Amino acid sequence: MYPETTPSPARPDAGMTDDQAAAEARRIIADAYRPAPEVPTSYRDTSPLPAYGSTPPVLQPDRRIVPAWAAGTAVAGIGVGAACVGIGCGVWLACQGFAAVSLASVLFVTLPIAAVAAVAAAIASALRSLKASHTEHHHYAGPVRQENTTTHTRGLIARTTNH
């Protein structure tokens, strides 16, 4: 049922002579201790960089992907969530000594607190966005060319058209 695990005796017809085995062992040991060829794997240019080049500097405007009000709202939401968890744990720990409190009852106790905090964050976000939505007037001296580009992206494989 189980395979035999004891080593079988060496066959006299399949093997090397002692001289051949010693020569093969010497060859294997010599190959193992032979130094590896020197091939560079990296290069570091140590020449000093120029302080400035012939190309003039170009203004690189700061264009954020996420508006500041959205980031503020996200941070406020995380803060509200953390506060609700902390208050809920505090209520649960306070009630733990008085009676056997279930998790559902702790959630129902902290639900009004979470609702008030979420409404406060929404109001603060709305006020911040109203404050930030002032109209800008640009005053130019000289000819001005203004181009408006409209971008539409459609389809399962995104296809963008600019007008």
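Up top you'll find the structure we're talking about.
Residues numbered from 1 in each chain as written. Predicted model: local features only at pLDDT ≥ 70, side-chain atom pairs only at ≥ 80, totals over all residues. Heavy atoms only, no water.

**Q** So what's going on with the overall build of the chain? Residues and values would help.
**A** Within the chain, the regular secondary structure consists of three helices and two strands. Along its sequence from the N terminus, the chain presents helices and strands in the succession α-α-α-β-β. In the chain, which comprises 163 residues, the share counted as buried stands at 4%. (Helix = DSSP H or I, 4+ residues; strand = E, 2+ residues; numbered from the N terminus. Buried < 20%, exposed > 50% of the residue type's maximum accessible area, 1.4 Å probe, protein only.)

**Q** Tell me about the side chain of Ser-125, residues and numbers included.
**A** Considering the arrangement of structural elements, one finds Ser-125 in helix H3 (residues 103-132). Its relative accessible area of 11% is what places Ser-125 among the buried residues. If sequence neighbours within four positions are ignored, Ser-125 has contacts with Trp-69 and Thr-73. (Contact = heavy atoms within 4.5 Å.)

**Q** Describe the environment of Thr-73, with residues and values.
**A** Structurally, Thr-73 is set in helix H2 (residues 68-96). Filtering out sequence-adjacent residues up to four positions away, Thr-73 remains in contact with Ser-125 and Arg-128. Side-chain polar atoms of Thr-73 contact the side chain of Ser-125, separated by 2.8 Å. (Polar contact = N/O pair within 3.5 Å; in protein donor to acceptor, adjacent residues only side chain to side chain.)

**Q** Break down the pattern of salt bridges for me, with residues and values.
**A** Under the defined criterion, the tally for this structure stands at three salt bridges. One network of salt bridges, with partners in common, ties together Glu-24, Arg-27, Asp-31 and Arg-34. (Salt bridge = Lys/Arg side-chain N within 4 Å of Asp/Glu carboxyl O.)

**Q** Can you tell me about H3, naming the residues and giving the values?
**A** Between its first and last C-alpha atoms H3 spans 42 Å; for 30 residues at 1.5 Å apiece the expected length is 44 Å, and the two agree. Where H3 bends most, at Thr-110, the angle is about 35°, and the proline Pro-112 comes one to four residues later. All buried positions along H3 are accounted for by Val-106, Thr-110 and Ser-125. In the core, the buried residues of H3 are packed alongside H2. (Expected span 1.5 Å × (residues − 1). Bend = angle between axes of the 7 residues up to and from the residue.)

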